[in-house]
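The primary structure of each chain is shown beneath.
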Amino acid sequence: MTYLNAALIRGAAGALCIGALLAIGTAAHADRAAADACAAALSPDAKMIYAATVGQVVGGGDVRTVVTDTTRSLAMSGKIDRGAARGNAEAAGQCLAQAKS
């Protein structure tokens, strides 16, 4: 194999990798857009839960665990209403599930 052939093979492999990464990024962005659209209709407390967790969920975190931990923290710090925390967490979780898929 000559140097030119090896360079062409490496270049083609690199182009395929970049194409795959772009395709994955586009799919993830589309899911995030749907999740963001879903979140737009949430109550203010549910939106706060969504905003605090979406980065972790998109990054590979477990939706249920992340939402539970974040909601508990927000409720205990008085940032969201404790009485409605569960319902808001469930609503935010439905939108977050779209971001994960």
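Quick notes on the rules
- Residues numbered from 1 in each chain as written.
- Predicted model: local features only at pLDDT ≥ 70, side-chain atom pairs only at ≥ 80, totals over all residues.
- Heavy atoms only, no water.
- Salt bridge = Lys/Arg side-chain N within 4 Å of Asp/Glu carboxyl O.
- Helix = DSSP H or I, 4+ residues; strand = E, 2+ residues; numbered from the N terminus.
- 1 Å grid on protein atoms, 1.4 Å probe; cavity = no way out; pocket = protein on both sides within 12 Å on 5 of 7 lines; lining within 4 Å.
- Points joined across faces, edges and corners; volume = space filled by probe spheres on them.
- Nonpolar A, V, L, I, M, F, W, Y, C, P; charged D, E, K, R; others polar.
- Buried < 20%, exposed > 50% of the residue type's maximum accessible area, 1.4 Å probe, protein only.
- Lys, Arg positive; Asp, Glu negative; His and termini not counted.

Undergrad: Please set out the pattern of salt bridges residue by residue, giving values where relevant.
TA: Going through the model one piece at a time under the given rule, you end up with three salt bridges. For the salt bridge of aspartate 69 with arginine 72, the shortest nitrogen-to-oxygen distance reads 3.8 Å. You can see aspartate 69 and its partner arginine 72 sitting in helix H3 (residues 63-76), three residues apart, about one turn around the helix. A salt bridge links glutamate 90 to arginine 86; the nearest nitrogen and oxygen atoms lie 3.3 Å apart. You can see glutamate 90 and its partner arginine 86 sitting in helix H4 (residues 85-100), four residues apart, about one turn around the helix.

Undergrad: An account of the layout of surface pockets is needed here, citing residue identities and associated values.
TA: Any empty space left between the atoms is revealed when a probe the size of a water molecule rolls over them. By volume, the largest pocket is sized at about 290 Å³. Residue lining of the largest pocket: Val63, Arg64, Val67, Thr68, Thr71, Ala85, Arg86, Ala89, Glu90 and Gly93, and that is the complete set. When residues of the lining of the largest pocket are traced back to their parent elements, those giving at least two are H3 and H4. In terms of residue class, the lining of the largest pocket is built from four nonpolar, three polar and three charged.

Undergrad: Residues and numbers for the side chain of aspartate 45, please.
TA: Structurally, aspartate 45 can be placed in helix H2 (residues 44-58). Comment: no salt bridge for buried aspartate 45; closest opposite-charge side chain is arginine 82, at 11 Å.

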